[in-house]
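Listed below are the residues making up each chain.
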Amino acid sequence: MKIVIIGGTGLVGTKVAGKLRQLGHTVIAGSPSTGINSITGEGLAEAMNGTDIVIDLSNSPSFEDGPVLEFFETSGCNLMAAETNAGVKHHLAVSIVGVDRMQDLGYMRAKMAQENLIRQSGIPYTLIRSTQFLEFIPSLAGAATQGSEVHVSDVEFQPIAAEDVATFVADLALATPAKGIVEIAGPERHTQSEFIAAYLREKDNSKNVVTNKKSEYFGGPIPHDGLVPQGEAKLGAIDLKQWLAAQ
């Protein structure tokens, strides 16, 4: 099959592309650097010609409320139009576990807008809602650092390795469209502060984690269990210890 990956040159996209090519599929890695731009529309019609499956892993360069909403609405509208014209049979996009419960955050509102465009498109679809990536932990620790202290919330956390995300994306892209949501998460659930403390013990034991009771993420209020699945989820195989060993 011919598969187009929007965001195909990114962290997860390159992994998904590799897995699908190993299975013998024709994969187009779409990004502005490869001449396929979901914001301007450049190269979309040509890329979609004869395409069976589109995987949307795109992300906004800005997380500010206005620009991020504009990004996902513009990208989503352009993709849906191009896919409809080309007769694409399956659209898969990666969203976020708890996105519908964290609408105080501008980024989550933008992701919900993206989801809604997909639902309303008429194209058979699968929405993968993923927990946060293990790869985000270093930047979370850095953003929370004040001198020798790292101030972190005790919200529930169940991060997943990008490698596991890529495996799920590749498998579900080739499956029958779910016409709904599939949730994926890491194999371990602890608090965010516990994960970051474990990370720092391995990478920078000069830092001391200070746990707070603020139910927030990147400065915005969220439910205490907003970042973890509320029901059934597919669980990855790579835990924090294994992920750290591979870094």
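Everything quoted here is computed from the prediction, not taken from an experiment. (Residues numbered from 1 in each chain as written. Predicted model: local features only at pLDDT ≥ 70, side-chain atom pairs only at ≥ 80, totals over all residues. Heavy atoms only, no water.)

### Focus: the sheet that holds strand E6 (residues 145-146)
- One open sheet holds the three strands; their spatial order is E6-E7-E11, and the pairing between them is mixed. Each edge of the open sheet is held by one strand with a lone partner, namely E6 and strand E11 (208-212).
- In the packing of helix H7 (residues 192-203) onto the sheet, contacts are made with strand E7 (149-153) and E11, and the angle to E7 comes to roughly 150°. (Pairing = 2+ DSSP bridges. Helix = DSSP H or I, 4+ residues; strand = E, 2+ residues; numbered from the N terminus. Contact = heavy atoms within 4.5 Å. Axes fitted to C-alpha atoms, helices over the stretch in contact; angles between N-to-C directions.)

### Side note on the side chain of Arg-129
- When you line up the elements, Arg-129 lands in strand E5 (residues 125-130).
- Those residues in contact with Arg-129 that sit more than four places away from it in its chain are Ser-95, Ile-96, Val-97, Val-99, Asp-100, Met-112, Glu-115, Arg-119, Ile-181, Val-182, Glu-183 and Ile-184.

### A few points about helix H6 (residues 162-174)
- Relative to the 18 Å expected for 13 residues at 1.5 Å per residue, H6 spans 19 Å between its end C-alpha atoms, a close match to the ideal helical length.
- Considered for burial, the residues of H6 that qualify are Ala-162, Asp-164, Val-165, Ala-166, Phe-168, Val-169, Ala-170, Leu-172 and Ala-173.
- In the core, the buried residues of H6 are packed alongside helix H1 (11-22), strand E3 (53-56), strand E4 (90-96), E5, strand E9 (181-185) and strand E14 (234-235). (Expected span 1.5 Å × (residues − 1). Buried < 20%, exposed > 50% of the residue type's maximum accessible area, 1.4 Å probe, protein only.)

### A few points about the layout of surface pockets
- In this structure, the largest pocket encloses a volume near 720 Å³.
- Taken together, 30 residues line the largest pocket, and the ones lying closest to its centre are Asn-59, Phe-63, Ile-96, Tyr-107 and Phe-136.
- Elements with a minimum of two residues in the lining of the largest pocket: H1, E4 and helix H4 (106-119).
- In this structure, the second largest pocket encloses a volume near 290 Å³.
- As for the second largest pocket, its lining consists of 15 residues, and the residues nearest its centre are Ala-144, His-151, Glu-216, Phe-218 and Gly-219.
- Listing elements by their share of the lining of the second largest pocket, those giving two or more residues are helix H5 (137-143), E7, H7 and strand E12 (216-217).
- Counting residues per element, the lining of the second largest pocket draws most heavily on E7, which supplies three residues.
- Taken together, the residues that form the lining of the second largest pocket break down as seven nonpolar, six polar and two charged. (1 Å grid on protein atoms, 1.4 Å probe; cavity = no way out; pocket = protein on both sides within 12 Å on 5 of 7 lines; lining within 4 Å. Points joined across faces, edges and corners; volume = space filled by probe spheres on them. Nonpolar A, V, L, I, M, F, W, Y, C, P; charged D, E, K, R; others polar.)

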